[in-house]
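Survey of secondary and tertiary structure
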Amino acid sequence: DLYNKIIELKGNIRVFCRCRPLNAEEIAGGASVAVDFESAKDGELIVKGHVSSKKVFKFDSVFSPEEDQEKVFVKTSPLATSVLDGYNVCIFAYGQTGTGKTFTMEGTEEARGVNYRTLEQLFRIIRERQGLFQYEITVSVLEVYNEQIHDLLLMGSQPGVAAKRLEVRQVAEGVHHVPGLVEAHVSNMDEVWEVLQTGSKARAVGSTNANEHSSRSHCIHCVMVRGENLITGECTRSKLWLIDLAGSERVAKTDAQGERLKEAQNINKSLSALGDVISALATKSPHVPFRNSKLTHLLQDSLGGDSKTLMFVQISPNENDVGETLCSLNFASRVR
Ligand code: ADP
Ligand code: MG
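In what follows, the accompanying structure is described.

Conventions we followed
Residues numbered from 1 in each chain as written. Chains lettered and ligands numbered in written order. Predicted model: local features only at pLDDT ≥ 70, side-chain atom pairs only at ≥ 80, totals over all residues. Heavy atoms only, no water. Near = heavy atom within 4 Å. Polar contact = N/O pair within 3.5 Å; in protein donor to acceptor, adjacent residues only side chain to side chain. Areas by Shrake-Rupley, 256 points an atom, 1.4 Å probe, with all protein chains shown as cover. Helix = DSSP H or I, 4+ residues; strand = E, 2+ residues; numbered from the N terminus. Nonpolar A, V, L, I, M, F, W, Y, C, P; charged D, E, K, R; others polar. Axes fitted to C-alpha atoms, helices over the stretch in contact; angles between N-to-C directions. Contact = heavy atoms within 4.5 Å. Phe/Tyr/Trp six-rings, centres within 6.5 Å; stacked < 30°, edge-to-face > 60°. Lys NZ or Arg CZ within 6 Å of the ring centre and 35° of its normal.

Residues in close proximity to ligand 1 include Arg18, Arg20, Pro21, Gln96, Thr97, Gly98, Thr99, Gly100, Lys101, Thr102 and Phe103, which together make up its full environment. Gly100 places a main-chain nitrogen or oxygen 3.0 Å from an oxygen atom of ligand 1. Side-chain polar atom of Lys101 to an oxygen atom of ligand 1: 2.8 Å apart, as the coordinates give it. Coverage of ligand 1 by the protein amounts to 64% of the 560 Å² it exposes when considered alone. Considering every element that reaches the shell around ligand 1, the biggest residue donor is helix H5 (residues 101–105), with three residues. Looking at the shell around ligand 1 residue by residue, the class counts come to two nonpolar, six polar and three charged.

What follows is the structure in structure tokens.
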């Protein structure tokens, strides 16, 4: 019974940990590895501290640096079925800049990530269900930067358009909407790829350093699914959110001034708001503080209830990063 209670408490929140490999530069520089998968049990990893003893963390799944995009997708793909069955789903990538958040979500052209593969799976299931169900899929791409919501598809399709600020509005009990947000209809993977590319390019426009900008903003794909059971006439509406979060690293106070300090504070605010919301949901707290950040406000309908949440906590194997690694693992343990 205690076991059932724990399962119930955990509800629909899963946490996967993924560690990137050491990069060429680190290998050339003789970097030491602080994360141990070999001697850890299934679903666990061990972090060796600088001076202190080692620490063990447990997650729903742990992916070592050797495990590829396909391995990760196998564990993620059941969520595609959930979305088509009418559940709202959020998939997040959390972690320090450079740990593989974008690699996991977006991936590269040769090693496509969760975003592309999950949409591909949606279309695969839609084909299988042909004749029984009919579906309509739209995709929106937005970013939250400095607590402002921007429409990346709008910016990407009309170059030169200044970033327009969008707001979240409650249109009915439990229904939140972003008026004016572009929703692109997609009916095959070629169209999906085009939309993903447009969004990705728009993210870089207007920033002097595209990489820096993307590490300081949350990049969000919202896939809206309208389904109809052709036999019973029953209709479903659900959303799949795919979210590449801003880097979680703490900025040294001495480095941050002016705009940079404001950015850092806003990132901090929204990531801790996200942690607060997920842990309030996991512990069934009567008050869930959705309104504390733009991100949680935006996701309000899709977090909690019977929605499903998956968080990837991304980490570096490098001993030099062990401080940030422990912070990320502690954050993830809290939401789990
Ligand atoms: P983030 O988005 O967290 O800042 P990136 O996704 O940009 O990090 O990853 C940083 C670099 O590491 C990229 O060059 C990326 O391709 C590489 N990388 C990250 N994770 C992996 C992985 N699991 N396997 C191979 N390369 C990876
Ligand atoms: Mg990134």
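Turning to the packing of helix H10 (residues 258–282) against helix H12 (residues 322–335), a few remarks are in order. What describes two packed helices is the angle between their axes and the distance between those same axes. One can describe the packing of H10 onto H12 by two numbers: an axis separation of 8 Å at closest approach and a directional angle of 35°. Only Phe331, Arg334 and Val335 of H12 make contact with H10, whose side of the interface consists of Leu271, Ser272, Gly275, Asp276, Ile278, Ser279 and Ala282.

Our focus in this paragraph is the environment of Glu324. The residue Glu324 is located in helix H12 in this model. The sequence separation of Glu324 and Leu142 amounts to 182 residues, and the corresponding C-alpha distance is 27 Å. Once residues lying within four places of it in the same chain are set aside, the contact partners of Glu324 are Gln96, Ser248, Glu249 and Arg250.

Considering all chains together, one arrives at five aromatic pairs under this definition. Seen in terms of ring centroids, Phe16 and Phe63 are 5.7 Å apart; in terms of plane orientation they differ by 65°. Their pairing is edge-to-face. Residue Phe16 is located in strand S1 (residues 13–19), and its partner Phe63 is located in strand S5 (residues 61–63); the two are separated by 47 residues in the primary sequence. Consider the rings of Phe133 and Tyr135, whose centres lie 5.9 Å apart with planes at 15°: the pair is stacked. Chaining the aromatic ring pairs together yields one cluster made of Phe16, Phe63 and Phe312. Of note, Arg129 hangs over the ring of Phe133, and the distance from its end group to the ring centre comes to 5.3 Å. Between the NZ or CZ atom of Lys308 and the centre of the ring of Tyr87, over which it lies, the distance is 4.6 Å.

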